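Listed here are the chains, written in short residue letters.
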Amino acid sequence: MCKIFTLTNGSNVKSMNKLINVVAKELQILERDGFGYSIQGKQGVYGERTLYTGFTTAFNSPLLKQPFVKTEYNRYGNKDDCNGAAMFHGRTSTNDKTLLNTHPIIKHGWNLIHNGVVSNVGEKYSMITSNDTEHLVEYMATKGIKGIEENLTGYYAFTALDPDGKLHIVKDSMANLFFAHITSIDSYVFATTRDLIKDVCKKMEWKYSVIESLKDNMYLVYENNI
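Everything quoted here is computed from the prediction, not taken from an experiment.

Conventions adopted
- Residues numbered from 1 in each chain as written.
- Predicted model: local features only at pLDDT ≥ 70, side-chain atom pairs only at ≥ 80, totals over all residues.
- Heavy atoms only, no water.
- Pairing = 2+ DSSP bridges.
- Helix = DSSP H or I, 4+ residues; strand = E, 2+ residues; numbered from the N terminus.
- Axes fitted to C-alpha atoms, helices over the stretch in contact; angles between N-to-C directions.
- Contact = heavy atoms within 4.5 Å.
- Disulfide = S-S within 2.5 Å.

A. The arrangement of the sheet that holds strand E13 (residues 218-222) in detail. Read across the open sheet, the five strands follow the order E6-E7-E8-E9-E13; overall the sheet is antiparallel. Here the strands that pair on one side only, and so sit at the sheet edges, are strand E6 (105-107) and E13. Sheet twist, expressed as the average angle between the axes of neighbouring strands with direction ignored, equals 30°. Of the strand pairs in this sheet, strand E7 (residues 110-120) and strand E8 (residues 152-161) are connected by 10 bridges, and their pairing is antiparallel. The residue bridging Ile113 from the neighbouring strand is Thr159, located in E8.

B. A look at the environment of Leu7. Within the secondary structure layout, Leu7 lies in strand E1 (residues 3-7). Spatially, the C-alpha atoms of Leu7 and Phe178 are 12 Å apart, while their sequence positions differ by 171 residues. Beyond its immediate chain neighbours, meaning those up to four positions away, Leu7 contacts Val13, Leu19, Ala85, Ala86, Leu167, Ile182, Ile185, Ser187, Tyr188, Val189 and Trp206.

C. Seen up close, the state of the cysteines. Tallying each qualifying case throughout the model produces zero disulfides. Cysteine Cys201 remains unbridged, with the sulfur of Cys82 as its closest cysteine sulfur at 16 Å.

D. The arrangement of the side chain of Asp33 in detail. Note that Asp33 resides in the loop between helix H1 (16-27) and strand E2 (35-41). Apart from residues no more than four positions distant in its own chain, Asp33 is found in contact with Leu51, Arg91, Thr92, Ser93, Lys97 and Thr102.

E. The sheet that holds E1, seen in detail. If you walk across this open sheet you meet the eight strands as E4-E3-E2-E5-E1-E11-E10-E12, and the pairing is antiparallel. The open sheet has two edge strands, strand E4 (73-76) and strand E12 (212-213), and neither has a second partner. With three bridges joining them, E1 and strand E11 (residues 187-191) adopt antiparallel strand pairing. The partner of Thr6 across the bridge, within E11, is Phe190.

Structure representation (structure tokens):
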């Protein structure tokens, strides 16, 4: 099972590098097939994806571009102060364990992370990965939530940043997604397990509310952190 950890508002996080490293460590305890994140910065979305276990952020380090290097890490966007959502994903592969299939899946200006397994029963389209999560990105970008409901089978909980910086939270009737308010940074958090919220908040020394389970078949949109 993949795991999701998403903040609606990362602008009050004192050290984003610390948060990235803390969440990476927590997610990679069990989800060892890839880690990635997307953060809404003032210049747009930026993030990293990796197949390394024990990953720590390397955004400011030089990239190796030698032809004999097997790439297991990439980055995108311009690192900047966070002024919106922050999404993190730990992957347990249900298909190919590759950097290309590591979340977030980025397409049509959308960044999306997903827990679950889905199949496309709609029209075929040109895929850039071999990951079922791409179906969610494709339909959210082209047809919206109705496209997902009408063309996909399986189960899912996902969070996504659209090209305008809005955060989308979606949960069907089968996948787990938990919710709390982190009072220390004035942000809501959505995560696959209660323990993930507890463990990250403990290591970040954040105070938080009671953790509740999200209702079935929910679709939420956060704009400007609210």
